[in-house]
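# Breakdown of the fold
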Amino acid sequence: MKKIEALLTLQKSKRNIFSLIDLKKLLRIESDNTAYIQAVRLIKEGILERIAQGVYCLKDSKPHDFEIANFLCKPSYLSLESALAYYGILIQVPRNVASVTPKRAKKINAGNKEFVYSHLDQRYYSDYIKEKNFIIATPEKALIDTVFFASYGRTVIHPEEWVLDNIDRKKLKKLSGKIKSRIFHNFFNSLNIF
């Protein structure tokens, strides 16, 4: 497939991120090896950019880090420090892109970013929304997730630095009630954020 034809096909797909399987389908390539060779060729020709192993984007339309985070681990949603910073609850900019997933915890380095996926039990995997091109916890759920992980010593928090002006306190209380953990509730109540 010629360079311009490949570019037009990929642009027409309205996708921002492509796996090798996506490239294989969109460019009508039969073998995985040929798809890989085509991806390498498109990178050299300035059409694609490699995000991570087997993950690519169009060079002229780089996706947001949050969109990349959702793509690298499915299912997952942005939460913890990343979501708190996005909503203005946390003033500092996090060093990595933090998500939760019902799958095993893992870290993925892609480019100059570290994408961190913390395991969250399936029963607590809820209250997320589609925002622009990514999936993110609601502000209240991001706060609950953060407190949950902090209550078990899996993260360190500084609640005195949080800006909670736009938090729906009734929703926060309702979400906290869904967590079946005395450790969480003791820690959550000690924060006095109601």
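See above for the structure.
Residues numbered from 1 in each chain as written. Predicted model: local features only at pLDDT ≥ 70, side-chain atom pairs only at ≥ 80, totals over all residues. Heavy atoms only, no water.

A separate point is the pattern of salt bridges. For the coordinates displayed, the defined rule picks out eight salt bridges. One salt bridge in this structure joins Arg15 and Asp22, with 2.8 Å as the shortest N-O distance. Classification of Asp22 by relative accessible area gives buried; the value is 13%. Ionic pairing is found between Glu49 and Lys62, a salt bridge with its closest N-O pair at 3.0 Å. Placement of the pair is Glu49 in strand S2 (residues 48-52) and Lys62 in the loop between strand S3 (55-58) and helix H4 (65-72), with a sequence separation of 13 residues. (Salt bridge = Lys/Arg side-chain N within 4 Å of Asp/Glu carboxyl O. Buried < 20%, exposed > 50% of the residue type's maximum accessible area, 1.4 Å probe, protein only. Helix = DSSP H or I, 4+ residues; strand = E, 2+ residues; numbered from the N terminus.)

Attention now moves to the packing of aromatic side chains. Tallied over the full model, the rule gives twelve aromatic pairs. Relative to Tyr87, the ring of Tyr86 lies with its centre 5.3 Å away and its plane at 75°, an arrangement referred to as edge-to-face. Look at Tyr86 and you get partly exposed, because its relative accessible area is 27%. Its guanidinium or amino end placed over the ring of Phe71, Lys74 lies 4.2 Å from that ring's centre, counting from NZ or CZ. (Phe/Tyr/Trp six-rings, centres within 6.5 Å; stacked < 30°, edge-to-face > 60°. Lys NZ or Arg CZ within 6 Å of the ring centre and 35° of its normal.)

Right, let's get into the sheet that holds strand S1 (residues 17-19). The antiparallel open sheet is built from three strands, whose spatial order is S1-S3-S2. The outermost strands of the open sheet, each flanked by one partner alone, are S1 and S2. Recorded for the sheet is a direction-independent mean angle of 35° between the axes of neighbouring strands. The sheet contact formed by S2 and S3 spans four bridges and is antiparallel. What sits directly across from Ala52, in S3, is Val55. Across the face of the sheet, helix H3 (residues 32-44) comes into contact with S2 and S3 while running at roughly 115° to S2. (Pairing = 2+ DSSP bridges. Axes fitted to C-alpha atoms, helices over the stretch in contact; angles between N-to-C directions. Contact = heavy atoms within 4.5 Å.)

Quick look at the pairing of strand S6 (residues 106-110) now. Look at any regular strand and the pattern is simple: side chains alternate between the two faces of the sheet. Judged from the five bridges that link them, S6 and strand S7 (residues 113-119) form a sheet pairing that is antiparallel. The residue bridging Ala110 from the neighbouring strand is Lys113, located in S7.

Our next topic: the nonpolar core. Formed by 49 residues in total, the largest nonpolar core has its most connected members in Ile51, Leu72, Phe115, Leu143 and Trp162. With seven residues, the single largest contributor to this core is helix H6 (residues 139-151). Those residues in contact with Ile51, other than ones at most four positions away along the chain, are Ile17, Tyr56, Cys57, Pro63, Ile68, Ala110 and Gly111. The next biggest cluster of nonpolar side chains, apart from the first, holds 14 residues, and it includes Phe18, Ala39, Leu42 and Leu58. (Core = buried A, V, L, I, M, F, W, Y, C linked by side-chain atoms within 4.5 Å.)

What follows deals with the packing of H6 against helix H8 (residues 182-190). Where H6 contacts H8, the axes come no closer than 9 Å and their chain directions differ by 110°. Judged by the angle between their axes, H6 and H8 are roughly perpendicular. The handedness of the crossing between H6 and H8 comes out as right-handed. Two secondary-structure elements touch here, H6 through Ile144, Val147, Phe148, Ala150 and Ser151 and H8 through Ile183, Phe184, Phe187 and Phe188. Classifying every residue of the contact of H6 with H8 by side-chain character gives eight nonpolar, one polar and no charged. (Parallel < 35°, antiparallel > 145°, perpendicular 65-115°, else oblique. Left-handed = near helix turned anticlockwise from the far one by under 90°. Nonpolar A, V, L, I, M, F, W, Y, C, P; charged D, E, K, R; others polar.)

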